[in-house]
Amino acid sequence: MATFEQAEAFLRDVSDTTSEVELAEALDIVTRELGFTYFALTHHVDIRLAPQPAIRLHNYPGDWVEYYDENSLGVSDPVHRASHVTSVGFAWSRIPEMIALTPHDHEILARGGARGIGDGFTIPANVPGETHGSCSFANPAGAAMPQDNLPVAQLVGAFAFEAARRLWRVRSPQLIPPPRLTDRQRECILWVARGKSDWEISRILGIEHETVVRHLKQARERYSVAKRTMLAVHALFDGSISFTDIFRR
Amino acid sequence: MVIIARGFHEPLRVPELRQMFEARKRVFVDLLKWDVPVLEGRYELDQFDDPQATYILVTDEDGRHSASARLLPTTRPHILDTLFPELCASPPPRGPDVLEITRFCLGRGLRAAQRLEARNCLVSALVAYAIEHDIATYTGVAEMGWLQQILAFGWRCRPLGLPRHHDGKLLGALRIDISPKTPALLERSGIFREAPLAPAPALEAA
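Note that the structure is predicted; figures quoted are calculated from it, not measured.

> Is there a simple way to explain the overall build of chain B in this structure?
Within chain B, the regular secondary structure consists of five helices and 11 strands. For 206 residues, the compact-globule estimate of 2.2 N^0.38 gives 17 Å, and chain B sits close to it at 16 Å. With respect to the principal axes defined by its C-alpha atoms, chain B has extents near 40 × 40 × 35 Å. A burial count over chain B gives 45% of its 206 residues as buried. The long-range share in chain B, meaning contacts at least 24 apart out of those at least 6 apart in sequence, stands at 67%.

Okay, structure coming up:
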């Protein structure tokens, strides 16, 4: 059974690491101590650098990677979607209880099983203002879930993610600061997120229609996006507006 | 603005603290559904809100509460050793240079951007306070989602034990080691705010 001391040893190994290779090696060792065979750590550092592919640190076998790439997982992956609804680690076998799965999702999961991908345990790592990430441990099909080790896995996953986040931050120091919005722009975006048209927003705020159009045009320029939906998504993502703001009346 | 308050026998009589107790009730009782005592249906106060508790308050330009935290000495019973000893693999760190951070509270009325700013101010103020008062270590208990955020502040954290389920939540205990290098670490994560390092007006009890 994995112990807290093993988690501590892992943390000592990675706390000052400056190399992805070292982090991957430490993860590889701790993964086996935890009773798993494979690990995968993923994170988008910044949605605004979106053309850059997701960073993935893993030791998945070639045909698993192929399977994930074929199904362009990452965005629609049921595991990742489930990791957005909790902050606590979960076994993949529990996903149907956590999110509604479409027939296509079921098909994806079944195909994974056919490729030999068994059950896994994913620790979500969601930091406000950043895209979501996670750290997963997995076994080939047929292997039992090492239930007793899951608390250690939870801890290792949380700290591994932070170690990776630190590495990637150092690697991309040119992170663009989020655009600054004026209060009026922010207010207009809030109403966009609530589904109001420019004219409706002008009525609600008691300002000229053209003024609303101008505020939103300038806000779109600051985010370099063309559409109002993307504007709302970006503002929500970087914390300029929040879900609470949108639903508050 | 950052306010440091300590030494009050009747903290509810201090307007700044009263606002904080109200904010705490809205966050910890109404929102997070913690099972903690509430006074007069409005204020969240427990047995640790006594003259030994130190409060760090962040207020907005009108002097209203935006964020706060309570620091407890570890040289007497505190939350970690009293309520959550099972979260520690060995006895939790204690001593005159170890304080426990409890009731980290961000006002519910804040909008997203203000909320992050208030949080950044409070974390920076905690670090400034530790450096000024020779505090080497903070300890604390956090729910896992929040724990991940605490790690992401960039300061040096270590777990004190394995996370465990408590009242349907997965909790973990952490130690945060503070040194003169800590502000630079926060800076790297983009959350350090210089302002709180200025001496804060202390509301010392007479």
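Don't stop here, the text continues.
> Teacher, can you tell me more about the interface of chain A and chain B here?
How large an interface is tends to be reported as the accessible area lost when its parts come together. Residue-level contacts link 22 residues of chain A with 20 residues of chain B. If you list the elements that add at least two residues to the side of chain A that touches chain B, you get helix H1 (4-15) and helix H7 (150-171) of chain A. If you tally residues by element for the side of chain A that touches chain B, the top one is H7 of chain A, at eight residues. Looking at the side of chain A that touches chain B, its residues break down into 13 nonpolar, six polar and three charged.

> Before we go on, may I ask you to explain the confidence of the model for chain B in this structure?
Do not read the fine detail of predicted coordinates wherever pLDDT is low. Overall, the prediction assigns chain B a mean pLDDT of 91, with 94% of residues at 70 or greater. For this predicted complex, the interface score ipTM comes out at 0.87, while the overall pTM is 0.84.

> Explanation requested: H1 of chain A in the structure shown.
The periodicity of an α-helix, 3.6 residues per turn, causes residues three or four places apart in sequence to face the same way. All names here are of chain A. Relative to the 16 Å expected for 12 residues at 1.5 Å per residue, H1 spans 16 Å between its end C-alpha atoms, a close match to the ideal helical length. Among the residues of H1, those classed as buried are Ala-7, Phe-10, Leu-11 and Val-14. Each buried residue of H1 sits inside an arc of 100° when the element is viewed along its axis, so together they form one side. For H1, the exposed residues set more than 90 degrees away from the buried face come down to Glu-5 and Arg-12.

> So what exactly am I meant to see when it comes to the environment of Glu-130 of chain A here?
As for its position among the elements, Glu-130 of chain A is in the loop between strand E4 (117-125) and strand E5 (133-140). When the C-alpha atoms of Glu-130 of chain A and Asp-238 of chain A are compared, they prove to be 7.0 Å apart, with 108 residues separating the residues in sequence.

> Explain the environment of Arg-24 of chain B here, please?
Residue and element names in this part refer to chain B. Along the chain, Arg-24 falls in helix H1 (residues 15-31). Spatially, the C-alpha atoms of Arg-24 and Arg-108 are 9.3 Å apart, while their sequence positions differ by 84 residues. Setting aside residues up to four positions removed in sequence, Arg-24 forms contacts with Glu-44, Arg-103 and Cys-105.

> Any chance you could explain helix H10 (residues 209-223) of chain A here in plain terms?
Residues and elements named next belong to chain A. With 15 residues, H10 should cover 21 Å at 1.5 Å per step; its first-to-last C-alpha distance of 22 Å lies within 8% of that length. For H10, the complete set of buried residues consists of Val-212, His-215, Ala-219 and Tyr-223. Viewed end-on, H10 has its buried residues packed into an arc of 65°, placing them on one side of the element. Set apart from the buried face of H10 by more than 90 degrees, the exposed residues are Glu-210 and Glu-221. Residues of H10 that are buried sit in contact with helix H8 (183-193), helix H9 (198-205) and helix H11 (228-237). Ser-224, located one to two residues past H10, shows a positive phi value of around 50°.

> Is there a simple way to explain the pairing of strand E5 (residues 65-73) of chain B in this structure?
Moving residue by residue along a regular strand, the side chains alternate between the two faces of the sheet. All names here are of chain B. For E5, the buried fraction is high: eight of the nine residues fall into the buried class. Relative to E5, strand E4 (residues 54-59) runs antiparallel, the two sharing six bridges. Among the inter-strand pairings, Thr-54 is bridged to a residue of E5, identified as Leu-71. Counted along the chain from E4 to the antiparallel partner E5, the turn is five residues long, and its residue Gly-63 has a positive phi close to 80°. Bridge analysis of E5 against strand E6 (residues 98-106) gives six bridges, and the strand direction is antiparallel. In the sheet register, Ser-68 faces E6, and the bridge partner there is Cys-105.

Rules behind the numbers
Residues numbered from 1 in each chain as written. Chains lettered and ligands numbered in written order. Predicted model: local features only at pLDDT ≥ 70, side-chain atom pairs only at ≥ 80, totals over all residues. Helix = DSSP H or I, 4+ residues; strand = E, 2+ residues; numbered from the N terminus. Rg over C-alpha atoms; globule rule 2.2 N^0.38 Å. Buried ≥ 20, exposed ≤ 12 C-beta atoms within 10 Å, placed from the backbone. Contact = placed C-beta atoms within 7 Å. Nonpolar A, V, L, I, M, F, W, Y, C, P; charged D, E, K, R; others polar. pLDDT = per-residue confidence, 0-100. Expected span 1.5 Å × (residues − 1). Arc of directions from axis to C-beta. Pairing = 2+ DSSP bridges.

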